[in-house]
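Tertiary structure, described
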Amino acid sequence: MICKPFKDLSLSCLGLGNMRLPTCPQKEGNPIDREAAGKILDYAMEHGVNYYDTAYVYNNGDSEKFLGETITKYPRESYYLATKFNIMANPDYKNVFEEQLKRLNTDYIDFYLIHAVMDNNSQKYIDSGCIDYFNELKKQGKIRYLGFSNHSSPETLKMFIKQNDWDFVQIQLNYFDWEYGSAKKEYEIIAENNLPVIVMEPVRGGRLAGLTDEANKLLKADHPDWSIASWAFRWLKTLPQVKVVLSGMSNMEQVIDNLNTFSDAECLSDKEVNLLFKAREMFKDQIQVPCTACRYCCDECPKKIDIPKVLSIYNEYKLNGDWTLEKLKKSDEPGPKDCIGCGKCTVHCPQSIGIPEIMNELKSKF
């Protein structure tokens, strides 16, 4: 396992994210499968992973409890715990922190984070007084390093960084969001402030673990022995500000593959980066419809469906998964469920998009 220096510590470049551990769906509350998850944690510990990330809200609190029950059989100095305060889940930061110490069976947290800073909650965190309180806990030794996880715009990120002398920042960072999200700008802002980066969503919730057939073939032709997911991790090795890459590993196959990827410091060459970015473009082009929102399709629609809006959500769904369809399911506006497949929209589409087929696909999700 390769490690990187952080202050006075040496952190494993691969960290175990404890949000996607195997669970027991047949049991009430869908608790974490202690036996299966315990094997994952033990294997990670045995192979040099020393950074373990969780949060107050993960698995309705069961993630923290699992770690407190399982990891404490190892010497406390052999691992580093990271957890988070989420003001939207419980604004009582004093009681939350004490509850987390009990759940995690420890008297201090190595890496403590303000959780999911967004444009609509950043000021609430600032006004709550929690930052000052956590700084006081740092002085007491109950928190070793204080940071935050960012889901906000680059502008809000800049503002929030100025609110405190932070030790690190955690961001969603992967080769797709580098181009099609704000990841590159966020990384640059953090680097300009000389802060270490902890990476979340390196394979975009698993979406980059398997691209499309053509994109996969392109990468496999170059490195048949590499998994598609490992390309995402190897790309992150090229970024010097990155200290730890979190992976929410849910089975032993993922653990072994990731450990192999982080067994040495070798990162992608310029040629391999160019190949990965080519696969990225193929992936994007193949999963998304090229709607330009010209609205030529709308005038003749007998059900008055806002087709460009639906196609925009469809593109989000193909990239991010079923949860993005909630905005369609909850809407009272005409949508896929109202489509009668008449094809009048297709006649007027300059991009020749198969709109009725897409509407039918979305209808099946309802």
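You'll find the structure just up there.
Residues numbered from 1 in each chain as written. Predicted model: local features only at pLDDT ≥ 70, side-chain atom pairs only at ≥ 80, totals over all residues. Heavy atoms only, no water.

In the contact formed by helix α1 (residues 34-46) and helix α11 (residues 252-261), the axes pass within 10 Å of each other and the chain directions differ by 15 degrees. Taken together, the axes of α1 and α11 are roughly parallel relative to one another. Our pair here, α1 against α11, has a crossing hand that is right-handed. Counted together, K39, I40 and Y43 of α1 and M252, V255, I256 and L259 of α11 form the full contact between these two elements. The residue makeup of the contact of α1 with α11, split by class, is six nonpolar, no polar and one charged. (Axes fitted to C-alpha atoms, helices over the stretch in contact; angles between N-to-C directions. Helix = DSSP H or I, 4+ residues; strand = E, 2+ residues; numbered from the N terminus. Parallel < 35°, antiparallel > 145°, perpendicular 65-115°, else oblique. Left-handed = near helix turned anticlockwise from the far one by under 90°. Contact = heavy atoms within 4.5 Å. Nonpolar A, V, L, I, M, F, W, Y, C, P; charged D, E, K, R; others polar.)

What the rule picks out here adds up to 25 aromatic pairs. For the pair Y93 and Y133, a centre-to-centre distance of 5.5 Å together with 45 degrees between the ring planes defines the contact as tilted. Taken together, the positions of Y93 in helix α3 (residues 93-104) and Y133 in helix α5 (residues 130-140) put the pair 40 residues apart, joining distant regions of the chain. Of the residues examined, Y93 reaches a relative accessible area of 15% and is grouped as buried. On the basis of relative accessible area, Y133 is assigned to the partly exposed category, the value being 22%. Both rings, one in W235 and one in F277, keep their centres 6.4 Å apart while their planes meet at 55 degrees; by these two values the pair is tilted. Here F277 lies in helix α12 (residues 270-287) and W235 lies in helix α10 (residues 228-236), a separation of 42 residues in the sequence. (Phe/Tyr/Trp six-rings, centres within 6.5 Å; stacked < 30°, edge-to-face > 60°. Buried < 20%, exposed > 50% of the residue type's maximum accessible area, 1.4 Å probe, protein only.)

Okay, the pattern of salt bridges next. In a structure, side chains of opposite charge can pair up when their charged atoms sit close to one another. Within this structure, the stated rule accounts for 25 salt bridges. Here K73 and D42 are joined by a salt bridge, their closest N and O atoms 3.1 Å apart. With a gap of 31 residues between them, K73 in the loop between α2 (62-70) and β5 (80-85) and D42 in helix α1 connect regions that are remote in the sequence. For D42, a relative accessible area of 17% puts it in the buried group. Here K142 makes a salt bridge to E98, at a shortest N to O gap of 3.9 Å. With K142 in the loop between α5 and β7 (143-150) and E98 in helix α3, the pair connects residues that are 44 residues apart, well separated along the chain. (Salt bridge = Lys/Arg side-chain N within 4 Å of Asp/Glu carboxyl O.)

Looking now at the pairing of strand β2 (residues 9-12). Pairing geometry for strand β1 (residues 3-6) and β2, over four bridges, is antiparallel. Following the sheet pairing, C3 is matched in β2 by S12. (Pairing = 2+ DSSP bridges.)

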